[in-house]
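A look at the structure
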Number of protein chains: 4
Amino acid sequence: MAARRVPAATVAIDGQAAAGEGKAPRTERGRRTQQAILDAAAQEFGERGFHDASISGITRRAGVALGSFYTYFDSKDAVFRALVTHMSSQVRDHVAPGIRAAKDGIDGERAGLAGFLGFVRDHKEIYRIIDESEFVDPDSFRRHYATTAERIRQRLTAAAERGELRADVGEVHAWAIMGMNVFLGLRYGVWDADLPADDVAATAAAMLRRGLAVQPD
Amino acid sequence: MAARRVPAATVAIDGQAAAGEGKAPRTERGRRTQQAILDAAAQEFGERGFHDASISGITRRAGVALGSFYTYFDSKDAVFRALVTHMSSQVRDHVAPGIRAAKDGIDGERAGLAGFLGFVRDHKEIYRIIDESEFVDPDSFRRHYATTAERIRQRLTAAAERGELRADVGEVHAWAIMGMNVFLGLRYGVWDADLPADDVAATAAAMLRRGLAVQPD
Amino acid sequence: MAARRVPAATVAIDGQAAAGEGKAPRTERGRRTQQAILDAAAQEFGERGFHDASISGITRRAGVALGSFYTYFDSKDAVFRALVTHMSSQVRDHVAPGIRAAKDGIDGERAGLAGFLGFVRDHKEIYRIIDESEFVDPDSFRRHYATTAERIRQRLTAAAERGELRADVGEVHAWAIMGMNVFLGLRYGVWDADLPADDVAATAAAMLRRGLAVQPD
Amino acid sequence: MAARRVPAATVAIDGQAAAGEGKAPRTERGRRTQQAILDAAAQEFGERGFHDASISGITRRAGVALGSFYTYFDSKDAVFRALVTHMSSQVRDHVAPGIRAAKDGIDGERAGLAGFLGFVRDHKEIYRIIDESEFVDPDSFRRHYATTAERIRQRLTAAAERGELRADVGEVHAWAIMGMNVFLGLRYGVWDADLPADDVAATAAAMLRRGLAVQPD
DNA sequence: AATGAATGAGAGTTCATTCAT
DNA sequence: TATGAATGAACTCTCATTCAT
């Protein structure tokens, strides 16, 4: 069932992003409590889903009193939003290095998918939380995928400008690639890791390379 | 918010499929009431989501008394399951003709995507319901996507055997295509229909055709 | 678990007693339906207790439609009352012959207890129904025990007048004997038949005989 | 309708016995609330019976919010069980001193009955609650009477060993005495106190003394 | 800052009873 | 007479949130 604990860094409430979500703790002790609540929330939401999760479940896991929750977050929705926001950037931070190190555009997408698969295998709860945000916090959901698609599009366009890909690559391709990644992540990351992540990524990338290559047709 | 009404056929509880979900009515009058409840449930779940939906909301829409709900369904979960099952087959029934009429394998996938886009534009609530089943009724969710992917794989394999596609097409490609379809459906079907469905489908299909063609490399 | 079926005679709605409880059926067919409902009610109440029992459970057992229940009884309470009344007289009818055949007063009580023990072993549901009437239909409950106690008292008094028992036997002794019988019935009839009914009755009767004998002090 | 208030001690949730029934309050304020709920439950169950009693009725009497009930008890059944358990021991605690102070075995039983009669006259709701447990919580019911009978048997046996009673006293006699007590309690304690408790007890004890004496036959 | 008791709106579900056929 | 659909009041239980300490 993958790692139950989310590394503190994963959900760290850093300056700006936390604005409006978590309430800024004033003391060091407060900071630790808030962090404990966030980690516990990641577990609770991941295991039980948003609606079955309970504040008391979160505080129990965190080892703090029920009332303390409201010292750091305004509501159940607020923690969830904070979680989605930070997991969203976590995924990106995790795959970014691989993409940067790639030989060319398509290899970058391959690296991105490979990294994504590896990530969700270790963080199944994150996958579920982001998915569920479609129903709990549609704005975050939309922002997450809109941003992700836009980044893919930018990379595709840049590669096209470098002459690697056909000139007509655009938003449709970006969304297609993202959907591909998400569902391969579901199938080979969350459901059943019966194929090495690199093989899945290589297969998909090969299809894309031919499909988006500048040459044929 | 798209069509509010689900065509009766969509949620008709037909013989076997409904087994165990809805309780079979014994009179014609009962059949109509059950259908009314199902239609109302499709609306209610589509608009408010599973958890915010209420039985009383469903019966109010259906114009029947609260208690009548339980004459035909065992629980809130049970209607939801019945709905997912039947919508799942509805989607398939809707796109099947286009796929069968296609010139070749990839053209079939193009027709499938085009049909899917058109369908979700008219039935946004169906989209949401199937998606939410991931959290409400994981079994139905899994069955729906596993079945869909398997059909795509079979079509790809058949096309490969006809010499249209590369011999190595398989499950990974099927899941990639399905994910592509789902996310293009989300972006261009549910979110914003700012591109004709046929154009989106043509763009994606072109990429697939080159990517899966037998020739290059 | 003893006999599940109550012989028709057991709960037969005879003329007067039924007045006001069951509605008099006009046809022979109706009589059979009413009887079927009563038998089914005896089972249902016996197995599940008054509150967990349901009208639909009764009609299902009886093999008739839900609505038919109200053709023959006014309410759930009404069947229950009818049942208590008739079981009450059933018990009496069952033990009466033994009492009449007894050699003397105390032997009559012995025979009564022995008969009662045998009866509850075969009709555990009856035991439960009469007991539960304390909470469902206090009037029937009170009437049942008041009548039973009064009969015992009359028998004791008669025996005293015949010189068999002390002259001071009265209501207190009657209630004491009845309580004894009921609890011995619970312990050795319903709970665990680990002692022959006759032995239990003989032991209790021996105690009574000495306790109520005219001789010593 | 007898005393409305149950002395705090009666329903105090003490250490072990309460394990699993009430949830241990962590503060003094919580202890008071739990006690108030228990007292209110005793009233409510006593007056209306288990099924007609409602949680909201209990909390209304207790002067707390509906939700507070669930802070201290898991369910309606749970309070009922807690109540039965503690009332059961209350009755015992109440009659024990009289029994210990008795001159001999039979006098102990006389004192026990007299004490019991006095107790049920003041606590009619307790009588009803224990009786109703036969249908609501059969385990508690069984435990209560099995324990009570066993204690009587032990006292009888001890008296027999002291030469006061016949050697063959045993379980049957114990159950007979208990049934006697319960029904005399019902008749002269709950229904109608038309005879002094001591007279009833004396009459019953005289019968027992002769019935169980070592001498005759 | 931290605790945990208190609150009460709200939901799903049951089922005796009535009604239309 | 028989059927079974329809009704809706009533109930238990949950839990996010507030409050007092």
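Residues numbered from 1 in each chain as written. Chains lettered and ligands numbered in written order. Predicted model: local features only at pLDDT ≥ 70, side-chain atom pairs only at ≥ 80, totals over all residues. Heavy atoms only, no water.

1. Some thoughts on the side chain of Q34 of chain C
Residues and elements named next belong to chain C. Along the chain, the position of Q34 falls in helix 3 (residues 28-52). Using a relative accessible area of 5% as the deciding quantity, one classes Q34 as buried. For Q34, the side chain forms a polar contact with the main-chain oxygen of K23, separated by 3.2 Å. (Helix = DSSP H or I, 4+ residues; strand = E, 2+ residues; numbered from the N terminus. Buried < 20%, exposed > 50% of the residue type's maximum accessible area, 1.4 Å probe, protein only. Polar contact = N/O pair within 3.5 Å; in protein donor to acceptor, adjacent residues only side chain to side chain.)

2. Re the packing of helix 6 (residues 105-122) of chain D against helix 9 (residues 171-191) of chain D
All names here are of chain D. Contact pair helix 6 / helix 9: the axes reach a minimum separation of 9 Å and the direction vectors enclose 35°. Viewed along their axes, helix 6 and helix 9 form a crossing whose handedness is right-handed. Contact with helix 6, carried on its side by E109, L113, F116, L117, V120 and R121, involves I177, N181, V182, L184, G185, Y188 and G189 of helix 9 and no other residues of that element. (Axes fitted to C-alpha atoms, helices over the stretch in contact; angles between N-to-C directions. Left-handed = near helix turned anticlockwise from the far one by under 90°. Contact = heavy atoms within 4.5 Å.)

3. Section: the pattern of salt bridges
Overall, the coordinates contain 56 salt bridges over all chains when judged by the stated rule. A salt bridge links E44 of chain B to R48 of chain B; its shortest N-O distance comes to 3.2 Å. Linking E44 of chain B with R48 of chain B, this pair stays in helix 2 (residues 28-52), spanning four residues, or about one helical turn. Looking at R48 of chain B, the relative accessible area reads 40%, which means it is partly exposed. With its nearest N and O atoms 2.9 Å apart, the salt bridge here joins R187 of chain C to E171 of chain D. Note that R187 of chain C is positioned in helix 10 (residues 171-191) and E171 of chain D in helix 9, a pairing that runs across two chains. When its relative accessible area of 8% is taken as the criterion, R187 of chain C is described as buried. It is possible to trace a salt-bridge network through shared partners that takes in E44, E47, R48 and R61 of chain A. (Salt bridge = Lys/Arg side-chain N within 4 Å of Asp/Glu carboxyl O.)

4. What to know about the domain arrangement of chain A
When cut into domains, chain A gives domain 1 (8-75) and domain 2 (79-212). Each of domain 1 of chain A and domain 2 of chain A has a C-alpha centre, and the two are 27 Å apart. (Domains from an automatic or database assignment.)

5. Brief notes about the protein's contact with DNA strand E
Taken together, 34 residues are adjacent to DNA strand E, and Y72 of chain A together with T33, A65, G67 and Y72 of chain D come closest. At the protein interface, 71% of the atoms of DNA strand E within 4 Å belong to sugar or phosphate. Here a phosphate oxygen of DNA strand E sits 3.4 Å away from a polar atom, N or O, in the side chain of R29 of chain A. In this structure, S68 of chain D approaches DNA strand E through a side-chain N or O atom, which is 3.1 Å from a phosphate oxygen. Going through the elements one at a time, helix 3 (28-52) and helix 5 (69-72) of chain A, helix 4 (66-72) of chain B together with helix 2 (28-52) and helix 4 (66-72) of chain D are the ones with two or more residues in the surface near DNA strand E. Looking at the surface near DNA strand E residue by residue, the class counts come to 16 nonpolar, 12 polar and six charged. (Near = heavy atom within 4 Å. Nonpolar A, V, L, I, M, F, W, Y, C, P; charged D, E, K, R; others polar.)

6. Considering the interface of chain A and chain B
The accessible area lost on association of the parts is a frequent measure of interface size. If you look at the interface, chain A gives 35 residues, while chain B gives 34 residues. Across the chain A to chain B interface the summed buried area is about 3,700 Å²; carbon plus sulfur atoms make up 72%. When the buried surface of chain A facing chain B is broken down by residue, F183, W191 and R210 of chain A rank first, second and third, together holding 21% of it. Between chain A and chain B we count two salt bridges in total. On the surface where chain A and chain B come into contact, there are seven residue pairs in polar contact (both at pLDDT 80 or more). When contributions to the side of chain A that touches chain B are tallied by element, the ones reaching two or more residues are helix 8 (124-136), helix 9 (138-161), helix 10 (171-191) and helix 11 (197-212) of chain A. (Buried area = accessible area lost by both parts, 1.4 Å probe.)

7. Some thoughts on the protein's contact with DNA strand F
The local shell around DNA strand F holds 33 residues, among which T33, A65, G67 and Y72 of chain B together with Y72 of chain C are the closest. Atoms of DNA strand F within 4 Å of the protein belong to the sugar or the phosphate in 72% of instances, the rest to bases. Separating a base nitrogen of DNA strand F from a backbone N or O atom of G67 of chain C is a distance of 3.0 Å. Separating a phosphate oxygen of DNA strand F from a side-chain N or O atom of S68 of chain C is a distance of 3.3 Å. With four residues, the single largest contributor to the surface near DNA strand F is helix 4 of chain B. The residue inventory of the surface near DNA strand F, partitioned by class, reads 16 nonpolar, 11 polar and six charged.

8. Looking at the interface of chain C and chain D
Each partner contributes to the interface: chain C provides 35 residues, whereas chain D provides 34 residues. Each partner contributes to the roughly 3,700 Å² buried at the junction of chain C and chain D, and carbon and sulfur atoms together form 72% of this total. A per-residue breakdown of the area chain C buries against chain D is headed by F183, W191 and R210 of chain C, which together make up 21% of the total. The tally of links from chain C across to chain D stands at two salt bridges. Mapped onto the side of chain C that touches chain D, the elements with two or more residues apiece are helix 8 (124-136), helix 9 (138-161), helix 10 and helix 11 (197-212) of chain C. Examining the composition of the side of chain C that touches chain D, we find that 15 residues originate from one element, helix 10 of chain C, more than from any other. Residues of the side of chain C that touches chain D, tallied by class, amount to 20 nonpolar, five polar and 10 charged.

9. Let's talk about the relation of the copies chain C and chain D
For the pair chain C and chain D, the relating rotation is 180°, the translation along its axis is 0.0 Å, and the fit reaches an RMSD of 0.1 Å. The symmetry that links the two subunits is that of a two-fold axis. (Least-squares fit on C-alpha atoms with pLDDT ≥ 70 in both.)

10. Looking at the UniProt feature "DNA-binding region" (unreviewed entry) in chain A
The positions that UniProt labels "DNA-binding region" (unreviewed entry) are, in the present scheme, residues 54-73 of chain A. Measuring from the first to the last C-alpha atom of residues 54-73 of chain A gives 14 Å, for a span that is 60% helix and 0% strand. (UniProt positions renumbered as here; feature names shortened; annotations may be inferred.)

11. With respect to the packing of aromatic side chains
The tally for this structure, following the rule as stated, stands at 46 aromatic pairs over all chains. A centroid spacing of 5.2 Å and a plane angle of 90° characterise the contact between F45 of chain A and F80 of chain A, whose relative ring orientation is edge-to-face. Of this pair, F45 of chain A sits in helix 3 while F80 of chain A sits in helix 6 (residues 76-100), and the two are 35 residues apart along the sequence. Like F45 of chain A, the residue F80 of chain A is buried in the burial classification. With 5.5 Å between their ring centres and 15° between their planes, F45 of chain B and F50 of chain B make a pair best called stacked. (Phe/Tyr/Trp six-rings, centres within 6.5 Å; stacked < 30°, edge-to-face > 60°.)

12. Brief notes about the relation of the copies chain A and chain B
By a simple turn and slide, chain A fits onto chain B: the slide is 0.1 Å along the axis, the RMSD is 0.1 Å, and the turn is 180°. When the interface residues of chain A are mapped onto chain B, 97% of them again lie at the interface, so the same face is used by both copies.

13. Topic: helix 3 (residues 55-62) of chain B
All names here are of chain B. Restricting attention to buried positions, one finds in helix 3 the residues I55, G57, I58, T59 and A62. Next to the buried residues of helix 3 lie helix 2, helix 4 and helix 5 (76-100). In the stretch just after helix 3, G63 is the one whose phi turns positive, near 75°.

14. A word on helix 6 of chain D
With 18 residues, helix 6 of chain D should reach 26 Å at 1.5 Å per residue; the first-to-last C-alpha distance of 26 Å fits that figure. Most of helix 6 of chain D is tucked away: 14 of the 18 residues are buried. (Expected span 1.5 Å × (residues − 1).)

15. Considering the environment of I177 of chain A
All names here are of chain A. Among the secondary structure elements, I177 is positioned in helix 10. I177 sits 25 residues away from I152 along the chain, and the two C-alpha atoms are 8.1 Å apart. Setting aside anything within four residues of it in sequence, one finds I177 in contact with E109, I152, L156, L208 and L212.

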